[in-house]
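Reading the structure
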Amino acid sequence: MDKLTNYCNELFIAENTSLYRFCKNHNLERTCIRRLLKGERLPKEDVFEEFANALTLTPQESIKLHELYQRQKLGPVRYENRIFIKDLLEYIGNGHQFHFSQSITSHYNPIAFEKKTIKIDNPLDLSYIFQQILTTEKHSVYSNISANTPFFFQSFQQSFGKRKSSVPFFHILTLLKNTEIQKDVNYNLKVLKNITSFSFQNHFHYQPFYFYGNPTNENATVSFPYYLLTSKYILFLSENCKEGLFSTDAELIQIYHQQCKKMIENAQPFIYYALDPTQMLERFHSALNTTEAPAHPLYTFDFFPCLFKVYSHDLFIPQLTDEYKHNTELIQTIDSLSKVTANFPLYEAFISYEGLLHFTKTGELGKCCSHVLNPFAPAERKLILEKVQSYCADGTYLLHILPKHYFHNSPEISLELYSDHRVSLLSMNQENLFSSFYLRENSIYDAILDYFESLLENPEVSSVEESAKIIQEMIDEYLG
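Since the model is a prediction, treat every value here as computed from it, not as a measurement.

1. Some details on the nonpolar core
The biggest cluster of nonpolar side chains holds 60 residues, and the ones touching the most others in it are L235, F270 and F452. At seven residues, helix α16 (residues 442-457) tops the list of elements feeding residues into this core. Listed in part, the 44 residues of the second largest apolar core include F303, L320, F344 and F359.

2. Digging into helix α7 (residues 123-136)
Since there are 3.6 residues in each turn of an α-helix, residues three or four apart along the chain are aligned in direction. Taking 1.5 Å per residue, 14 residues should reach 20 Å; α7 reaches 20 Å between its end C-alpha atoms and fits that length. Every buried residue belonging to α7 is among D125, L126, S127, Y128, I129, F130, Q131, I133 and L134, and all of these are buried.

3. Remarks on the packing of aromatic side chains
Enumeration according to the criterion identifies 22 aromatic pairs in this entry. Taken together, a centroid distance of 5.4 Å and an interplanar angle of 70 degrees make the contact between Y227 and Y256 edge-to-face. Here Y227 is found in strand β5 (residues 226-229), whereas its partner Y256 is found in helix α10 (residues 250-266), with 29 residues between them in sequence. Aromatic pair Y406 and F407: ring centres 4.8 Å apart, planes at 85 degrees, arrangement edge-to-face.

4. Observations regarding unusual backbone geometry
Glycine aside, negative phi is the norm for most residues, and most peptide bonds take the trans geometry. The phi dihedral of N16 falls on the positive side, at around 55 degrees, and the residue is not glycine. As for its position among the elements, N16 is in the loop between α1 (2-13) and α2 (19-25). Given a relative accessible area of 71%, N16 falls into the exposed group. A positive phi is found at N27, a non-glycine position, where the angle reads about 55 degrees. Among the secondary structure elements, N27 is positioned in the loop between α2 and α3 (30-38).

5. Topic: the packing of α1 against helix α5 (residues 59-74)
The geometry of α1 relative to α5 is characterised by a closest axis approach of 9 Å and an angle of 150 degrees between their N-to-C directions. It follows that α1 is roughly antiparallel to α5 by the angle criterion. The element α1 and its partner α5 pack so that their crossing is left-handed. Across from K3, L4, Y7, C8 and L11 in α1, the residues of α5 making contact are E61, K64, L65, L68, Y69 and Q72. Residue classes in the contact of α1 with α5 are distributed as seven nonpolar, one polar and three charged.

6. Quick look at the pattern of salt bridges
Inspection of every chain in the model, using the stated rule, returns nine salt bridges. Here E80 ties to R71 by a salt bridge, and the two come within 2.6 Å at their closest N and O atoms. Here the salt bridges do not stand alone but share partners, grouping R78, R82, D450 and E457 into one network.

7. Remarks on the pairing of strand β12 (residues 398-401)
Each regular strand displays side chains that alternate between the two surfaces of the sheet. Burial along β12 is two-sided: the residues L398 and H400 and L399 and I401 are all buried. Looking at chain direction, strand β11 (residues 348-351) and β12 are connected through four bridges and run parallel. Across the sheet, the residue bridging to F350 is H400, located in β12.

8. Focus on the confidence of the model for the chain
Where the model shows low pLDDT, its predicted coordinates should not be examined in detail. Across the chain, the average pLDDT comes to 83, with 82% of residues at 70 or higher. Counting interchain partners and residues more than four positions distant, the pLDDT-below-50 stretch residues 98-107 has 25 contacts.

9. Thoughts on the sheet that holds strand β4 (residues 205-213)
Strand order in the open sheet made by the eight strands is β1-β7-β6-β5-β2-β3-β4-β8, with mixed pairing throughout. Of all strands in the sheet, those with a lone pairing partner are β1 (117-120) and β8 (268-269), marking the two edges. Where strand β2 (residues 141-143) lies against strand β3 (residues 168-176), three bridges are found, and the strand directions are parallel. Residue Y142 lies in a different strand from β3, and its bridge partner there is F170.

10. A closer look at the environment of N144
Topologically, N144 is positioned in the loop between β2 and α8 (150-157). Residue N144 is classed as buried on the basis of its relative accessible area, which comes to 18%. Sequence-wise, N144 and F209 are 65 residues apart; in three dimensions their C-alpha atoms are separated by 9.7 Å. Apart from the residues within four sequence positions on either side, N144 is in contact with H171, I172, P225, Y226 and Y227. Among the polar contacts made by the side chain of N144, one reaches the main-chain amide nitrogen of Y227 at a distance of 2.8 Å.

11. Notes on the environment of I172
With respect to the helices, strands and loops of the structure, I172 is situated in strand β3. Given the relative accessible area of 1%, I172 is considered buried. Along the sequence, I172 and Y210 sit 38 residues apart, while their C-alpha atoms lie 5.7 Å from each other. Among all residues touching I172, those that are not within four sequence positions of it are S143, N144, F209, F211, Y227, C260, M263 and I264.

Analysis parameters
Residues numbered from 1 in each chain as written. Predicted model: local features only at pLDDT ≥ 70, side-chain atom pairs only at ≥ 80, totals over all residues. Heavy atoms only, no water. Core = buried A, V, L, I, M, F, W, Y, C linked by side-chain atoms within 4.5 Å. Buried < 20%, exposed > 50% of the residue type's maximum accessible area, 1.4 Å probe, protein only. Helix = DSSP H or I, 4+ residues; strand = E, 2+ residues; numbered from the N terminus. Expected span 1.5 Å × (residues − 1). Phe/Tyr/Trp six-rings, centres within 6.5 Å; stacked < 30°, edge-to-face > 60°. Axes fitted to C-alpha atoms, helices over the stretch in contact; angles between N-to-C directions. Parallel < 35°, antiparallel > 145°, perpendicular 65-115°, else oblique. Left-handed = near helix turned anticlockwise from the far one by under 90°. Contact = heavy atoms within 4.5 Å. Nonpolar A, V, L, I, M, F, W, Y, C, P; charged D, E, K, R; others polar. Salt bridge = Lys/Arg side-chain N within 4 Å of Asp/Glu carboxyl O. Pairing = 2+ DSSP bridges. pLDDT = per-residue confidence, 0-100. Polar contact = N/O pair within 3.5 Å; in protein donor to acceptor, adjacent residues only side chain to side chain.

Okay, here's the thing in structure tokens:
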């Protein structure tokens, strides 16, 4: 409590009064405030709020004081994760992609590619070789470079963006265990954020795998802990990626190929992704429609309304665009999936105010859905929203609406948390049609579970009863 205690004392001293007089004038429990100022006990939130309201604070001081209280109340891991996950959702939903640039020019002698082994200590030369390896490889690439290394992204932006065809990139990642997460509370989430840039690129055949270790210091005694491996070359990199060893030694390359394949066999796939709506729904359906212990959602967030809750074949199939209206495989998958989702136990669902309002006004469900569904007409919108409103009113749909401007931007995403510890993410920007993936990793699952629980605790998030009223108000105003 050191930081909170010190700041509370700093603010209290500025009041220039005694504790007795301060508490008496503001009707505060003196024992609770004294324990707070001594760092002995954290008061309940309502008591702390009374204390904060009694202080003479600037807006910046109030923000800092409340942030320190929440950090102390939740602990650093939960506090940092909640902030990071909100930023992560905005990052994914706004379609952050590579901005590919030209290759870094270098006067490095291409003869180096003919030498068996050579040391490189010039960062520009290293980047040149890195790019040459990536752009010329025709089979597959293996690497254990940290996803949190800036060099990693810069080199890929300048390399894979120019390829006309994709080769598999097997990325072997090291994640922190839950017991080690205190060393870097956002480490695993940062890895997830960084690899989404690759996962949502149509022309990347990106396959990340992970195992648990200590990525921050397990290779501290190794001069070149990272490597980039192809069929002809291997490039070893220092931890800061400013030095390297380049080799064409066939025997060494073969040894590392065997090692990488064994590591992948023993590692876990980090993400499973699909870039096609039919493939996405089929994979989703197969994961849910199992005979033993079928998975079901615990929490969901959708920027736009999730229409599976009110799905009917006659209402939705006529809305399919010309490209998909004769796609029987997609239609059958949708019909089958709707039957599975209809039998889900109750779960907490969240939706953005902006996404709900956008659908009410336009009948659109995001940029990516414009390829699959035509906008719903006003009469159809009204019917859909009336169903949602009635389900909220009778308690069969636990829908909560986030407050206006909850996000700085408008992340067009879907995030779902399942009983089998699966996290599902869908990005709905037009450039990446139905870019989706799911993953199973305990620390990330636990962090997102806690984030959803924080939404339930947020008094600005609507209750189910309040959601029903908000939806009815939108119907009356825009579709009445």
